[in-house]
Amino acid sequence: MITLALSKGRIFDETLPLLKAAGIEVLEDPDTSRKLILPTNQPGVRVVLVRATDVPTYVEYGGADLGVTGKDTLIEHGGQGLYQPLDLKIAACRMSVAVRADFDYASAVRQGSRLKVATKYTAIAREFFASKGVHVDLIKLYGSMELAPLTGLADAIVDLVSTGNTLKANHLVEVERIMDISSRLVVNQAALKLKQAGIRPIIDAFANAIQKEPSTS
Ligand code: AMP
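No experiment lies behind these values; they were computed from the predicted model shown. (Residues numbered from 1 in each chain as written. Predicted model: local features only at pLDDT ≥ 70, side-chain atom pairs only at ≥ 80, totals over all residues. Heavy atoms only, no water.)

A short note on the overall build of the protein chain
The helix and strand inventory of the protein chain stands at nine helices and nine strands. Taken over the C-alpha atoms alone, the protein chain extends approximately 60 × 35 × 35 Å along its principal axes. For the protein chain, the residues scored as buried account for 45% of the 217 residues in total. Carbon and sulfur atoms make up 50% of the accessible area of the protein chain, which totals about 11200 Å². Computed over 25 positive and 24 negative side-chain charges, the inter-centroid distance for the protein chain is 2 Å. (Helix = DSSP H or I, 4+ residues; strand = E, 2+ residues; numbered from the N terminus. Buried < 20%, exposed > 50% of the residue type's maximum accessible area, 1.4 Å probe, protein only. Areas by Shrake-Rupley, 256 points an atom, 1.4 Å probe, with all protein chains shown as cover. Lys, Arg positive; Asp, Glu negative; His and termini not counted. Charge placed at Lys NZ, Arg CZ, Asp CG, Glu CD.)

Some details on the site of the ligand
Every residue close to the ligand is listed here: Arg-10, Ala-91, Cys-93, Glu-146, Asp-159, Leu-160, Val-161, Ser-162, Thr-163, Gly-164, Asn-165 and Thr-166. Ala-91 is positioned with one of its backbone polar atoms (N or O) 3.1 Å from a nitrogen atom of the ligand. In isolation the ligand has 490 Å² of accessible area, and contact with the protein removes 67% of it. Counting only elements with at least two residues in the shell around the ligand, the list comes to strand E5 (82–100), strand E8 (156–161) and helix H7 (165–169). (Near = heavy atom within 4 Å. Polar contact = N/O pair within 3.5 Å; in protein donor to acceptor, adjacent residues only side chain to side chain.)

Quick word on the domain arrangement of the protein chain
Its domain assignment divides the protein chain into domain 1 (2–91 + 182–212) and domain 2 (93–180). Taken together, the contact pairs seven residues of domain 1 with eleven residues of domain 2. Roughly 670 Å² is buried in total at the junction of domain 1 and domain 2, and carbon and sulfur atoms are behind 53% of that figure. Contact with domain 2 buries area across many residues of domain 1, yet Asp-72, Ile-75 and Glu-76 alone supply 63% of it, more than any other trio. Inspection of the region where domain 1 meets domain 2 yields zero salt bridges. When residues of the side of domain 1 that touches domain 2 are assigned to their parent elements, the largest contribution, four residues, is made by helix H3 (residues 71–77). For the side of domain 1 that touches domain 2, the per-class residue count stands at two nonpolar, one polar and four charged. (Domains from an automatic or database assignment. Contact = heavy atoms within 4.5 Å. Buried area = accessible area lost by both parts, 1.4 Å probe. Salt bridge = Lys/Arg side-chain N within 4 Å of Asp/Glu carboxyl O. Nonpolar A, V, L, I, M, F, W, Y, C, P; charged D, E, K, R; others polar.)

Description of the pattern of salt bridges
A full pass over the atoms with the stated rule returns nine salt bridges. Between Lys-132 and Glu-176 there is a salt bridge whose closest N-O contact spans 2.7 Å. Of this pair, Lys-132 sits in helix H5 (residues 122–132) while Glu-176 sits in strand E9 (residues 172–188); the two residues are 44 residues apart in sequence, bridging distant segments of the chain. Given the relative accessible area of 16%, Glu-176 is considered buried. The partner of Asp-180 in a salt bridge is Arg-177, with the nearest N and O atoms 2.9 Å apart. A relative accessible area of 47% means that Asp-180 is categorised as partly exposed.

Focus on the packing of aromatic side chains
Counting across every chain of the model gives one aromatic pair. Ring geometry for Phe-128 against Phe-129: centres 5.2 Å apart, planes inclined by 75°, an arrangement best described as edge-to-face. Each member of the pair, Phe-128 as well as Phe-129, is classed as buried. (Phe/Tyr/Trp six-rings, centres within 6.5 Å; stacked < 30°, edge-to-face > 60°.)

What follows is the structure, encoded as structure tokens:
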């Protein structure tokens with residue numbers, strides 16, 4: 001049995017066409033089913049639904065053989081024990097720094113001020129501000145980061161930005177683009193050796209599908 005870990009939402013939806021290219025069709029809709037293990041048309045392949053941040057952990061410890069996860073999640077996890085053969089170019093967005101429209105970020109940085117930065121992505125934020133030589137106090141949040149500068153909890157946030165609409169709706173502006181983000185295929189290294197015959201064709205079909213259909217997102 002080959003087990004693929006996916007998270008509900010954009011990653012699940014954007015992985016379906018790649019699975020189809022590998023001849024795999026998921027037989028239940030995660031939006032209507034309460035099941036966490038979804039069968040596919042291939043008796044030897046199943047999909048497990050896990051939280052996005054848990055995908056690397058499932059694959060690292062062999063709870064799943066393969067998974068699809070964002071570069072952001074992989075960096076935060078550390079990526080240890082994971083073979084990362086493909087950038088799937090799906091769920092594309094960017095990791096950015098944003099502040100209130102009335103906060104003068106450039107001069108705060110120039111003056112060497114210590115910034116309070118709220119984020120779910122503490123590893124990425126720590127590395128980014130260290131590389132700029134900016135001193136920061138990181139405040140770990142698990143969601144609704146946009147609220148932090150509005151309530152005075154933080155001067156800045158580090159978060160994913162796609163269209164920019166969420167920032168705009170909360171009167172925040174993007175002041176730094178840290179990195180482009182997209183989702184990767186991750187594979188358990190032992191499974192790659194032991195289940196090579198089942199896993200290789202999936203990797204190859206995904207690779208072919210990406211080349212044929214460059215992402216529009
Ligand atoms: P947007 O308003 O389109 O810029 O989207 C920003 C919101 O969606 C933020 O709350 C982000 O955390 C979230 N978001 C955007 N892109 C992604 C992605 N690829 N994966 C997970 N969350 C995302």
